[in-house]
Amino acid sequence: YETNNVYSLPGSASLVKRLKSELSRLKKELKDEDQFVNELDDGEKFRAVPLELITNVPPDVVNKPFTIGLWVTPRSGNGVAVAMGGGSHGFTLFLREGVAHFVIRSAGELFMVKAREALPLGQRAHIVGVLRANGNIQVIINGKAAGSAPGGPVTAKPRDGFAIGSDPGSAVGPYEVPFAFDGTT
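The shown structure was predicted, so the numbers you read here are calculated from the model rather than taken from an experiment.

Caption draft 1: Expanded view of the nonpolar core. Formed by 30 residues in total, the largest nonpolar core has its most connected members in Phe66, Phe91, Phe102, Ile104 and Ile127. For this core, the elements supplying multiple residues, two or more each, are β2 (66–74), β3 (79–85), β4 (90–96), β5 (99–106), β6 (109–114), β7 (125–131), β8 (137–141) and β9 (144–149).

Caption draft 2: Summary view of the pairing of β3. Most of β3 sits out of view: seven of its seven residues are buried. Pairing of β3 with β4, which is carried by six bridges, proceeds in the antiparallel orientation. Residue pairing in the sheet places Met84 in a bridge with Phe91 of β4. Here β3 hands over to β4 after four residues, the two strands then running antiparallel side by side. Across three bridges, β3 lies against strand β10 (residues 162–164) in antiparallel orientation. The partner of Ala83 across the bridge, within β10, is Ala163.

Caption draft 3: Representation of the side chain of Thr92 within the structure. Position of Thr92 among the secondary structure elements: in strand β4. Note on Thr92: relative accessible area 0%, which makes it buried. There is a polar contact of 3.2 Å between the side chain of Thr92 and the backbone oxygen of Val82. In this structure the side chain of Thr92 is engaged in a polar contact, spanning 3.1 Å, whose partner is the side chain of Tyr175. In this structure, Thr92 is in contact with Val80, Val82, Ala83, His101, Phe102, Val103, Val172, Gly173 and Tyr175, ignoring residues within four places of it in sequence.

Caption draft 4: Quick peek at the side chain of Arg105. Here Arg105 is to be found in strand β5. One buried charged side chain, Arg105, makes no salt bridge at all; its nearest oppositely charged neighbour is Asp167, positioned 8.1 Å away. At a separation of 2.6 Å, a polar atom in the side chain of Arg105 contacts the main-chain carbonyl oxygen of Val172.

Caption draft 5: Geometry of the pairing of β7. Most of β7 is tucked away, with six of its seven residues classed as buried. Looking at chain direction, β2 and β7 are connected through seven bridges and run antiparallel. Paired with Leu70 across the two strands is Ile127, which belongs to β7. The antiparallel pairing of β7 with β8 creates a hairpin that spans five residues between the two strands, and Gly135 there sits at a positive phi of about 95 degrees.

Scoring rules and cut-offs
- Residues numbered from 1 in each chain as written.
- Predicted model: local features only at pLDDT ≥ 70, side-chain atom pairs only at ≥ 80, totals over all residues.
- Heavy atoms only, no water.
- Core = buried A, V, L, I, M, F, W, Y, C linked by side-chain atoms within 4.5 Å.
- Buried < 20%, exposed > 50% of the residue type's maximum accessible area, 1.4 Å probe, protein only.
- Helix = DSSP H or I, 4+ residues; strand = E, 2+ residues; numbered from the N terminus.
- Pairing = 2+ DSSP bridges.
- Polar contact = N/O pair within 3.5 Å; in protein donor to acceptor, adjacent residues only side chain to side chain.
- Contact = heavy atoms within 4.5 Å.
- Lys, Arg positive; Asp, Glu negative; His and termini not counted.
- Salt bridge = Lys/Arg side-chain N within 4 Å of Asp/Glu carboxyl O.

This is the structure in structure tokens:
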């Protein structure tokens, strides 16, 4: 995984320019405009990348058990790692004060579970939210169960898209949008 962000390294401007040029060249050569994100992170502040920019087919979570997870390195311990949907239907996996939370919204009802302990700041961790077939929800941190609670299925297709790094639409969880993730995902 990336240990140095070239955007933040002094003297990397020519490398950044070459990377952007190569991305553009490959997109044209492969005629693959719908497979790559058109903007690169500037390294100063992470910007959420809605996956609709990468794929037109968001995950189908309606009335199905599912698992969502990703690697994060939190700086302040706050923000949305991943979200799909809004105040009526959807899910989100976010941190508040370093504690991982997994939320399901079903017909406006909020089901939430949080981890028992906060993640260490500045350290890479794998966070996972699980909606089980029996409706229970669970948070898993670095492969270990960290919390569980009763939940329920997402009963209708979420209207807001799938995004990593913030919740850009209406809020799925108990936070003010976009609640951008402070760290790397």
